[in-house]
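Coordinates in review
Listed below are the residues making up each chain.
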Amino acid sequence: MLADRSIAPQNRTLKGVAVAPGLAVGPVHIVRAGLGEVPTWFVREDEVPLEIGRLAAALNSVAEVLSTQEARVAREAGAKDAAILSVHRAILEDPSALRDVERTIRDTRVNAEAAVQKLIESLEHTLGSLDGNNVRGYAADVADPWRRVLDMLLHRDREEVHKSAERVVLAATELTPQVVTYLPRERILAVVCEKGGRFSHGAVLARSLGLPCVIGVPNLLGRLEQHMPVAVDGGQGAITLRPSEEDLARFGEEQRARRARVDAVRGFLHQPAQMACGRRFLVQANVESLLDLETFDVAHTDGIGLLRTEFLYMERTQFPSEEEQYRLYRRVLEHMGDQPVTLRTLDIGGDKPLPYFKTPPEHNPALGWRGLRISLQWTDLLRVQLCALLRASVHGDLRILLPMVGTLEQIDEARSVFDGVRAQLVEQGYGVAADVPVGVMIEVPSLLFCLPQVMERVDFVSVGTNDLVQYMLAVDRDNAWVASLYEPMQPPVLAALEAVALAARAAGKPCSVCGDIASDPVFALLLSGLGFDGVSVAPQFLGELKFALRSASGDQARTFARDARALGTAKDVRALMAERRRALHAALVTPATPV
Ligand code: PEP
Ligand code: MG
């Protein structure tokens, strides 16, 4: 809860929301490159000349670019058209604007980006508020060259950090997928942000990559400095600034204890998730990128339950061609051998934009142009992806999953595109697997009220609790201000989950849960008791889940689920889960303890 966040007495430990477990110590790198907002942070007095130097370097670079462009435009279009570029150069040479920016850096001790942004805002404000369209247009022109300087500062930073090999704790305003993928995984120690949601896509990605992550610390960037050493405890949601020797010793102790727990569950990794009564529960892996494939042993999973293909698109600068996609999907299928691989069609939009696919600005993106809605409107996108998927289907055990389905018509439409693509491929002589099951994500609540009809139309279902909770409770999964209302333990959510499992069982269709809450071992136990066949989770949670599931019989899990369903409030459900969790942890340390 936002109100609960506090700062420890020495003001060095900032409390936020725990997003992904793990401990890390290292220097901060504030992400400021091209992520929409212009981050602001304080600079120390001795860093002021450095910031002014960065500003001067960016100004020089922009002046050079403008000169080159001016010469080119003069050549290609004539001197008249090139004149605007020389005006832009002159604007940047105006000593009073430069003095203003330098003064802002010096007096308010902020970074160069923030100071340039302040100048841009003041130019827009002063000239934009005067009467007349021409004056307002002029305001845009005057601010324009300074926007280039801002871009240059952001861009340069990006280049510099990419040149280094240092491992860093990334700090940013908002936890987005772009922040989490800002540097190669091996260079990131942890991620800390001011804003974001525990079940946002950025959070999902951080967990999947095994990155300790803390969010919800107001004015975090104001308290950090570039390269400042910090200690991050992702499990506790704590960030310690400039940790002392004593802090580091305590941290080392906690790191050792955590490693011992991780080692204890590792023993269960190679075992199947077979419950004490012999019932087999499927534990599959969620995969975000090809890198994830290297993080787990295929033999430790029952396949991939969710591969979010959008992240493959996000790592690029343009849409991948059919051939590129085919090669990629084939690689995943071959890597997994006989194991099933569930590939989800593109789920972009909302907080997962593609840099090269501009979608219109939306007031309410979570309810907007997202997932299958885009795929059915731009059917070429869907066709290309389905072609690649179906061609790859002969190389493994492929299942196709459709995201953000809200109506039966959407399922029918998608199936008809699927049938068309399959027929066309066969006609063209491509090999296609005889049976490629098509399933839907249950994540839009409308489907809960037509479950039998959904089951008739699909081969399997997978519940996306990350979105289902957001839409059922009308709580934005990305918004830290309502994070305390985002609660998968709410009894109506449990009722919805039970309804899905019952309908799937009645129709004889496999059902699983791939939302992040399934990685909570106690919740997974509850899901098995509700009648689900399996879960799909980030690979790092596989061992713990197997341990939890092996510790109970099917009957015990059903009783546990019945007890949870009988409770009327999330608070009571949480208390029941906490009790079970304590028993589970005790059993992990002393295996003879009853669970
Ligand atoms: C979900 O909504 O639970 C889900 C698995 O999909 P995503 O997090 O990608 O929206
Ligand atoms: Mg979803």
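Starting from 1, residues in each chain are numbered consecutively following that chain's sequence as written. Chains and ligands are labelled by the order in which they are written, letters from A for the one and numbers from 1 for the other. The predicted origin of the model limits local features to residues at a pLDDT of at least 70 and limits the giving and counting of side-chain atom pairs to 80 or more, whereas totals for whole chains, interfaces and linings rest on all residues. Only hydrogens and water are set aside; all other atoms, that is, all heavy atoms of the structure, feed into the side-chain values.

Helical segments are the DSSP runs of H or I of at least four residues, strand segments are the runs of E of at least two, and each set is numbered from the N terminus. When helices and strands are tallied, the protein shows 21 helices and 16 strands. Computation of the radius of gyration draws on C-alpha atoms, with the globule rule given as 2.2 Å multiplied by the number of residues to the power 0.38. In terms of C-alpha radius of gyration, the protein reaches 27 Å, essentially the compact-globule figure of 25 Å for 595 residues. Seen through its principal axes, the protein has C-alpha atoms that stretch 80 × 70 × 45 Å. Across the 595 residues in the protein, those meeting the buried criterion constitute 53%. Contacts are residue-level and defined by heavy atoms, with any inter-residue pair within 4.5 Å sufficient. The long-range fraction of contacts in the protein, counting pairs at least 24 apart against all pairs at least 6 apart in sequence, stands at 69%. Only carbon and sulfur atoms are counted for the fraction: they give 53% of the accessible area of the protein, which is about 25900 Å². Type-normalised accessible area, obtained with a 1.4 Å probe on protein chains alone, sets the label of each residue: buried when under 20%, exposed when over 50%, and partly exposed for intermediate values. Every accessible area reported is derived by Shrake-Rupley at a probe size of 1.4 Å, with residue values counting cover from the shown protein chains alone.

For the rest of this paragraph, the subject is the site of ligand 1. Around ligand 1, the structure places 16 residues, and the nearest of them are His201, Arg308, Arg344, Asn466 and Arg477. Contacts described as polar in this section are N or O atom pairs within 3.5 Å, which, within protein, must combine one atom able to donate a hydrogen with one able to accept it, while residues neighboring in sequence count only if both atoms come from side chains. Gly464 has a polar backbone atom sitting 3.4 Å from an oxygen atom of ligand 1. Here ligand 1 has 290 Å² of accessible area as a free molecule, and 100% of this is covered by the chains. If you list the elements that add at least two residues to the shell around ligand 1, you get strand S10 (304–308) and helix H16 (465–473). No other element matches H16, which puts three residues into the shell around ligand 1. Classification convention: Asp, Glu, Lys, Arg as charged; Ala, Val, Leu, Ile, Met, Phe, Trp, Tyr, Cys, Pro as nonpolar; all other residues, Gly among them, as polar. Split into classes, the residues belonging to the shell around ligand 1 amount to three nonpolar, five polar and eight charged. Neighbouring residues are identified by heavy atoms, a residue being near a molecule or strand if any of them is within 4 Å of it.

The subject of this paragraph is the nonpolar core. Side-chain atoms within 4.5 Å link the members of a nonpolar core, which is a set of buried Ala, Val, Leu, Ile, Met, Phe, Trp, Tyr and Cys residues. The biggest cluster of nonpolar side chains holds 136 residues, and the ones touching the most others in it are Val440, Ile442, Val454, Val461, Leu497 and Phe532. Setting aside residues no more than four positions away along its own chain, Phe532 makes contact with Arg279, Phe281, Val463, Leu497, Val500, Ala501, Arg505, Cys511, Ser512, Val513 and Leu527. Counting 52 residues, the second largest nonpolar core, distinct from the first, contains Val142, Leu154, Val169 and Leu220.

This part is about the coordination of the magnesium ion (ligand 2). Only Glu443 (OE) and Asp467 (OD) from the protein reach the magnesium ion (ligand 2) as donors, at distances of 2.1 Å. In this pair, Glu443 sits in the loop between strand S13 (438–442) and helix H15 (451–457) while Asp467 sits in helix H16, placing the two residues 24 residues apart along the sequence. Its relative accessible area of 2% is what places Asp467 among the buried residues. Metal sites are built from N, O and S donor atoms within 2.8 Å, or 3.2 Å for Na, K and Ca, and they leave out water, so they may look incomplete.

Looking now at the sheet that holds strand S12 (residues 397–402). Criterion used throughout: strands pair if DSSP finds at least two bridges between them. Sheet architecture is closed into a barrel: eight strands sit in the order S9-S10-S11-S12-S13-S14-S15-S16, paired in parallel fashion. Sheet twist, expressed as the mean angle between neighbouring strand axes with direction ignored, is 30 degrees. Relative to strand S16 (residues 534–537), strand S9 (residues 282–287) is paired through four bridges, and the arrangement is parallel. Opposite Val283, over in S16, you have Val535 as the bridge partner. Think of each axis as a best-fit line through the C-alpha atoms, taken over the contacting stretch in the case of a helix, with angles from 0 to 180 degrees between the N-to-C directions.

Moving on, we get to unusual backbone geometry. Residues other than glycine seldom take positive phi values, yet His227 does so here, at roughly 75 degrees. Residue His227 is classed as exposed on the basis of its relative accessible area, which comes to 52%.

On to the sheet that holds strand S2 (residues 17–20). With mixed pairing, eight strands are arranged side by side in an open sheet as S1-S8-S7-S3-S4-S5-S6-S2. At either end of the open sheet lies a strand with only one pairing partner, and these are strand S1 (13–15) and S2. Taken pair by pair, the neighbouring strands of this sheet meet at an average axis angle of 30 degrees, ignoring direction. Pairing between strand S5 (residues 188–195) and strand S6 (residues 213–215): two bridges, direction parallel. When the sheet's bridge partners are listed, Val192 is paired in S6 with Val214.

Let's shift gears to the environment of Arg258. Within the secondary structure, Arg258 sits in helix H9 (residues 245–266). Residue classification places Arg258 among the partly exposed positions, given a relative accessible area of 27%. Ignoring any residue separated from it by four or fewer positions in sequence, one finds Arg258 in contact with Pro21, Gly22 and Leu23.

The next thing to look at is the pattern of salt bridges. Any Lys or Arg side-chain nitrogen found within 4 Å of a carboxyl oxygen on Asp or Glu counts as a salt bridge. Per the counting criterion, the structure on display carries 34 salt bridges. The partner of Glu323 in a salt bridge is Arg391, and the shortest N-O contact between them spans 3.2 Å. One end of the pair, Glu323, is in helix H11 (residues 322–336); the other, Arg391, is in helix H13 (residues 379–392), with 68 residues separating them in the sequence. Taking relative accessible area as the criterion, Glu323 reaches 36% and is therefore assigned partly exposed. For Arg391, a relative accessible area of 9% gives the class buried. One salt bridge connects Asp412 with Arg457, and the closest N-O pair in it is separated by 2.8 Å. Residue Asp412 is found in helix H14 (residues 408–427), and its partner Arg457 is found in helix H15; the two are separated by 45 residues along the sequence.

For the rest of this paragraph, the subject is the environment of Arg399. On the secondary structure map, Arg399 appears in strand S12. Separated by 55 residues in the primary sequence, Arg399 and Arg344 have C-alpha atoms spaced 8.4 Å apart.

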